[in-house]
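# Breakdown of the fold
One-letter residues, chain by chain:
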Amino acid sequence: MKFRAKIADAACLNHFTRVSCMVAKLARTCTLRIRPHTLNFILADSAAGGGVSMWCELPQENFFSEFQMEGVSEENNEIYVELTAENLSRALKTAQNARALKVKLTNKHFPCLTVSIELVSVSSSSRMVTHDIPVKVIPRKLWKNLQEPAVPDSDVSIYMPVLKTMKSVVEKMKNISNQLIIEANLNGDLNLKIESELVSVTTHFKDLGNPPSASENESEDRSPEQMAEVQVDIRKFLQFLAGQQVNPTRGICNVVSHKMVHFDLLHEDVSLQYFIPAMS
């Protein structure tokens, strides 16, 4: 089982750093899945237990100038390791203005993801900074729990508004209630609503639009004005919004009434799926 890769382009390095920072805000620990053509950051908490799930996918050829890996076998050419996401994010933050970054799996008394950063000094001489990030190798018998989650049939799919705007709204709402109702319909309307004994507050987003394929599938037995709604933990939703450093290239919210909300984001070439279950 081997893995080594190199990033030599400054734009790719900055993009990879932003992705790692996003993942660290969304998950304390996560699984890194390494395959010949993709990397995945996975959080597979049990939705039945009220946990969120995350599936983030990066095409390796868009980031790495060199990429070599050997999985556990020819038939199972994959590697799964668990790590503390903040450790990777912190290591990559030291790579700003670096000439190159190398990452590889090592064994230094314990399995590590070793990040080596080549920094250039004022005198143009280079120095290496190395971070050894402890990882736990996940045995193959547990891989079945770490596959891409099935996306449930949604009642309504809708394009998302600017995430920074949503975040500022939800931050104010969390001071009133710990529960948030997300409503959406096929007219492009999205509502964020909180209710308490003393006050009821609703923020309306209009004319967001609905994905064409979703509208076709969902419009058969649903009137355009009919709202699909789900009630979620407002802190989990805010954590998701706080993890988005820039507005995505595309953002879709899929509401499964009274069961879950699924967010499907595309950041340039990085896709993120995030699932928040309904509060029971």
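Residues numbered from 1 in each chain as written. Predicted model: local features only at pLDDT ≥ 70, side-chain atom pairs only at ≥ 80, totals over all residues. Heavy atoms only, no water.

Further remarks concern the sheet that holds strand S5 (residues 66–70). One open sheet accounts for five strands, arranged S5-S1-S7-S8-S9; its pairing is antiparallel. At either end of the open sheet lies a strand with only one pairing partner, and these are S5 and strand S9 (126–134). Each strand axis lies, on average, 15° off the axis of its neighbour in the sheet, ignoring direction. Where helix H2 (residues 85–93) meets the sheet, it contacts strand S7 (100–107), strand S8 (111–120) and S9, and its direction lies at approximately 175° from that of S9. (Pairing = 2+ DSSP bridges. Helix = DSSP H or I, 4+ residues; strand = E, 2+ residues; numbered from the N terminus. Axes fitted to C-alpha atoms, helices over the stretch in contact; angles between N-to-C directions. Contact = heavy atoms within 4.5 Å.)

Once that is clear, we can look at the pattern of salt bridges. For the coordinates displayed, the defined rule picks out 11 salt bridges. Salt bridges here are not isolated pairs; linked through shared partners, they connect Arg 33, Arg 35 and Glu 78. (Salt bridge = Lys/Arg side-chain N within 4 Å of Asp/Glu carboxyl O.)

Right, let's talk about a positive patch on the surface for a bit. Together, Lys 2, Arg 4, Lys 102 and Lys 104 make up a positively charged patch on the protein surface. Those elements that provide at least two residues to the positive patch are strand S1 (2–7) and S7. On the secondary structure map, Lys 104 appears in strand S7. Residue Lys 104 is classed as partly exposed on the basis of its relative accessible area of 31%. (Patch = residues over 30% accessible without salt bridge, like charges linked within 9 Å, V, L, I, M, F, W, Y side chains within 5 Å. Areas by Shrake-Rupley, 256 points an atom, 1.4 Å probe, with all protein chains shown as cover. Lys, Arg positive; Asp, Glu negative; His and termini not counted. Charge placed at Lys NZ, Arg CZ, Asp CG, Glu CD. Buried < 20%, exposed > 50% of the residue type's maximum accessible area, 1.4 Å probe, protein only.)

This next bit is on the nonpolar core. Grouped together as the largest cluster of nonpolar side chains are 78 residues, with contacts concentrated most on Phe 41, Ile 182, Leu 192, Phe 237, Phe 240 and Phe 263. The greatest single-element share of this core, amounting to eight residues, is contributed by helix H1 (residues 10–26). Domain assignment of the residues forming this core places at least three in each of domain 1 (2–145) and domain 2 (156–277). Excluding residues that lie within four positions of it along the chain, Phe 240 makes contacts with Leu 26, Met 160, Phe 263, Leu 265, Leu 272 and Tyr 274. By size, the runner-up hydrophobic cluster in this structure holds six residues, among which are Tyr 80, Ile 138, Trp 143 and Leu 146. (Core = buried A, V, L, I, M, F, W, Y, C linked by side-chain atoms within 4.5 Å. Domains from an automatic or database assignment.)

Splitting the chain by domain gives domain 1 (2–145) and domain 2 (156–277). Counting residues at the interface gives 20 residues for domain 1, matched by 18 residues for domain 2. The junction of domain 1 with domain 2 conceals about 1,600 Å² of combined surface from both sides, 60% of it contributed by carbon and sulfur atoms. Between Arg 18 and Glu 268 there is a salt bridge whose closest N-O contact spans 3.7 Å. (Buried area = accessible area lost by both parts, 1.4 Å probe.)

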